[in-house]
Structures are given as C-alpha cells and as structure tokens.
Amino acid sequence: MAPACAHCGCRILGHGAEVSGTMYCCAHCAEHSGATEITDRA
C-alpha cells in the first residue's frame, strides 16, 4: 500500500518527498532524478 520511490523503488513509510506529483523517499533520490527545488532538512 505504501508508495514506491520513483528513483530507487524502496517503499516510502512516513515522510517522503514529492516533486511535481512524483514521490521520492528522500531529497537525494529526487536530485538524482533531476529535481532541483528540494533539499533535505535534518
């Protein structure tokens, strides 16, 4: 039921990152897929 990261395919439990309707598990995967407007905050 959990969405999968569009880059690495892992299941996203809890918070993920959404860029233009595409779900990623983290900003790192989003950046590798070409997204530039997202950053991780620890």
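Scroll up to find the structure.
These notes cover the structure that comes with them. Everything numeric here is computed off the predicted structure, so don't read it as measured data. (Residues numbered from 1 in each chain as written. Predicted model: local features only at pLDDT ≥ 70, side-chain atom pairs only at ≥ 80, totals over all residues. Heavy atoms only, no water.)

**A short note on unusual backbone geometry**
Note the threshold: Helix numbering and strand numbering both begin at the N terminus, where a helix is a DSSP run of H or I of at least 4 residues and a strand a DSSP run of E of at least 2. When a residue's accessible area, from a 1.4 Å probe over protein chains only, is under 20% of the maximum for its type it is buried; when over 50% it is exposed; and in between it is partly exposed.
For Ser 20, which is not a glycine, the phi torsion comes out positive at approximately 50 degrees. Here Ser 20 lies in the loop between strand E1 (17-19) and strand E2 (22-24). Residue classification places Ser 20 among the exposed residues on the basis of a relative accessible area of 74%.

**Looking at the nonpolar core**
Note the cut-off: For our purposes a nonpolar core is just a set of buried Ala, Val, Leu, Ile, Met, Phe, Trp, Tyr and Cys residues, chained together by side-chain atoms within 4.5 Å. The contact rule is simple, with two residues in contact once any of their heavy atoms fall within 4.5 Å.
Residues Cys 5, Ile 12, Ala 17, Val 19, Tyr 24, Ala 27, Cys 29, Ala 30, Ala 35 and Ile 38 constitute the largest nonpolar core, which totals 10 residues. Elements that contribute at least two residues to this core include exactly E1 and helix H1 (27-32). At 3 residues, the largest contribution of residues to this core is made by H1. Setting aside its immediate chain neighbours within four residues, Val 19 contacts Tyr 24, Ala 30, Ala 35, Glu 37 and Ile 38.

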